[in-house]
Amino acid sequence: MGSKGILSKRALNTESPVMVQIQELLRGVKGAISLAQGIVYWQPPKEALEKVQELVWEPSISRYGADEGLPELREALTKKLLEENKLCKSSVMVTAGANQAFVNIVLALCDAGDSVVMFAPYYFNSYMSLQMTGVTNILVGPGDPNTLHPDADWLEKTLRETKPTPKFVTIVNPGNPSGTYIPEPLLKKISDICENAGCWLVVDNTYEYFMYDGLKHSCIEGNHILNIFSFSKAYGMMGWRVGYIAFPSEVKDLAQQLLKIQDNIPICAPLISQRLALHSMEVGSQWVTDQVKDLVKNRQLLANALSPLGKGAVKGGEGAIYLWAKLPEKFVDDFKVVRWLANKHGVVLIPGSSCGGPGHVRVSFGGLMENDCRLASERLKRGLEELVKDGMI
């Protein structure tokens, strides 16, 4: 019997993680600069790191904690949700990152064979999470060609006509990979459509602090809504793995089901990481805003680098840390373009096909300091100028 005969079909039928492929590509190209992974260049606040250093020898740090998170952290998060996000009827569960939060939600809400709704371009890890948990009927809706906003009319029609009704709709706001922000009126419209159809709405707010040009992030709340948040990007805590779910307190049995799942995956997010999250919150969200405002320079550098693709080819940049760019029509194989740019010009992007957007690339402007970003943008611009003029030679 071959290996495929004894391995899970769920795993075998799940797409390979694009970031693993990109990491292999980076290792194979000496001196390549990454504009691929969604990271930020800063570390957590110095004051918070210093406090955590003192906790290393504390015996309780090496033990298990409460499944749903440290009480002090959950109390601070409940206060933050009320004051910053205007969420007053939500309970909190701390998870090992936002990705794990999403997996918890899928396992709590969905059965194998259920249908769910996403919008292209979508976050590749969410798509994979659905595949590997047996949700094989993933309905991918269109975005507006100009704004990339989810098509609410398509959603209403799809939820009305699909039987049984899809279990949930999921969106990321501001978007990964699109970098676009869903304005509050549209967010409320999507929420109302889901509520009327008897469908959950899952909103990933990982990039809540990453807003530009005077735009403000907003959240919505309801007994059909679960909100996901993360410390990874805002506080530079990618490797510390702390996220959280804000879920409706009034929905009977939801907390209990989420707790079952939590206890069988991480038990609890690492306690030292939770302490760092708490101490980072004590420094305050203004610290995050101060870091984020400098990313505007990176965004402009990379928008200029993408200019050889022509007018209207570049979308996003309103929020999050991404620009979404359309390649010339003849370059349908975006992964081939990504490999060529890496090997020929020493700069690495994410292929759009991994996000349901073939013929596109995702460019991250969060992971490099300005001087390094300038070098990467120069490489990218040279590469794209050559691509448009002469092709991949």
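Here the structure is a predicted model, which is why all the values come from computation and not from measurement. (Residues numbered from 1 in each chain as written. Predicted model: local features only at pLDDT ≥ 70, side-chain atom pairs only at ≥ 80, totals over all residues. Heavy atoms only, no water.)

*Asks:* Describe helix H10 (residues 271-283), with residues and values.
*Replies:* Between its terminal C-alpha atoms H10 stretches 19 Å, which fits the 18 Å expected from 13 residues at 1.5 Å a residue. Buried within H10 are the following residues: Leu271, Ser273, Gln274, Leu276, Ala277, Leu278, His279, Ser280 and Met281. In the stretch just after H10, Gly284 is the one whose phi turns positive, near 110°. (Helix = DSSP H or I, 4+ residues; strand = E, 2+ residues; numbered from the N terminus. Expected span 1.5 Å × (residues − 1). Buried < 20%, exposed > 50% of the residue type's maximum accessible area, 1.4 Å probe, protein only.)

*Asks:* Report on the packing of aromatic side chains, specifying residues and quantitative values.
*Replies:* Enumeration according to the criterion identifies 13 aromatic pairs in this entry. Each ring, one from Tyr207 and one from Phe210, has its centre 5.8 Å from the other, and the planes form 80°; the classification is edge-to-face. Measuring from ring centre to ring centre gives 5.0 Å for Phe229 and Tyr244, while their planes differ by 15°; the resulting arrangement is stacked. Taken together, the residues Phe229 in strand E7 (residues 225-230) and Tyr244 in strand E8 (residues 243-248) connect sequence positions 15 residues apart. Through a chain of ring-to-ring contacts, the aromatic side chains of Tyr41, Trp42, Tyr207, Phe210 and Tyr322 assemble into a single cluster. A cation sits over an aromatic face here: Arg339 above Phe335, 4.1 Å from the ring centre. (Phe/Tyr/Trp six-rings, centres within 6.5 Å; stacked < 30°, edge-to-face > 60°. Lys NZ or Arg CZ within 6 Å of the ring centre and 35° of its normal.)

*Asks:* Please set out the pairing of strand E4 (residues 137-141) residue by residue, giving values where relevant.
*Replies:* In terms of strand pairing, strand E3 (residues 115-119) meets E4 through five bridges, oriented parallel. Within E4, the position partnered with Ser115 by the bridge is Asn137. In terms of handedness, the path from E3 via helix H6 (residues 124-132) over to E4 forms a crossover that is right-handed. (Pairing = 2+ DSSP bridges. Right-handed = clockwise from strand over helix to strand, strands pointing away.)

*Asks:* Give a detailed account of empty space enclosed by the protein, specifying residues and quantitative values.
*Replies:* Per the stated rule, a full pass over the model turns up one cavity of 30 Å³ or more. When its volume is computed, the largest cavity comes out at roughly 210 Å³. Phe119, Pro121, Tyr122, Ile171 and Val172 are, among the 18 residues lining the largest cavity, the residues nearest its centre. Residue assignment for the lining of the largest cavity shows that the elements contributing at least two residues are E3 and strand E5 (168-172). The element best represented in the lining of the largest cavity is E5, accounting for three residues. The residue makeup of the lining of the largest cavity, split by class, is twelve nonpolar, six polar and no charged. (1 Å grid on protein atoms, 1.4 Å probe; cavity = no way out; pocket = protein on both sides within 12 Å on 5 of 7 lines; lining within 4 Å. Points joined across faces, edges and corners; volume = space filled by probe spheres on them. Nonpolar A, V, L, I, M, F, W, Y, C, P; charged D, E, K, R; others polar.)

*Asks:* So, the nonpolar core: which residues are in play, and what are the values?
*Replies:* By size, the foremost hydrophobic cluster in this structure holds 84 residues, and its most contacted members are Ile22, Leu35, Leu73, Phe210, Phe231 and Leu380. Among the elements that line this core, the one with the most residues is helix H13 (residues 334-345), at six residues. Dropping the residues within four chain positions of it, Leu380 is found in contact with Leu35, Leu302, Ala305, Leu306, Leu341, Val347 and Leu349. Core analysis: the second largest hydrophobic core is formed by 24 residues, Met93, Ala101, Phe102 and Leu226 among them. (Core = buried A, V, L, I, M, F, W, Y, C linked by side-chain atoms within 4.5 Å. Contact = heavy atoms within 4.5 Å.)

*Asks:* I'd like a rundown of the pattern of salt bridges, residues and numbers included.
*Replies:* This structure, assessed with the given rule, holds 14 salt bridges. A salt bridge links Lys167 to Asp114, with the nearest nitrogen and oxygen atoms 3.0 Å apart. Of this pair, Lys167 sits in the loop between helix H7 (152-161) and E5 while Asp114 sits in the loop between helix H5 (98-109) and E3, and the two are 53 residues apart along the sequence. By relative accessible area, which is 26% here, Lys167 ends up partly exposed. (Salt bridge = Lys/Arg side-chain N within 4 Å of Asp/Glu carboxyl O.)

*Asks:* An account of the sheet that holds E5 is requested, with residue identities and associated values reported.
*Replies:* Taken together, seven strands build an open sheet; the order of strands is E2-E8-E7-E6-E5-E3-E4 and the sheet is mixed. Since the sheet does not close on itself, it has two edges, and those belong to strand E2 (90-95) and E4, each with one partner. Mean inter-strand twist for the sheet, computed between neighbouring axes without regard to direction, equals 20°. Pairing between E5 and strand E6 (residues 200-204): five bridges, direction parallel. Directly across from Ile171, in E6, lies its bridge partner Val203. Set on the sheet, H7 makes contact with E3, E4 and E5; between it and E3 the angle comes to about 170°. (Axes fitted to C-alpha atoms, helices over the stretch in contact; angles between N-to-C directions.)

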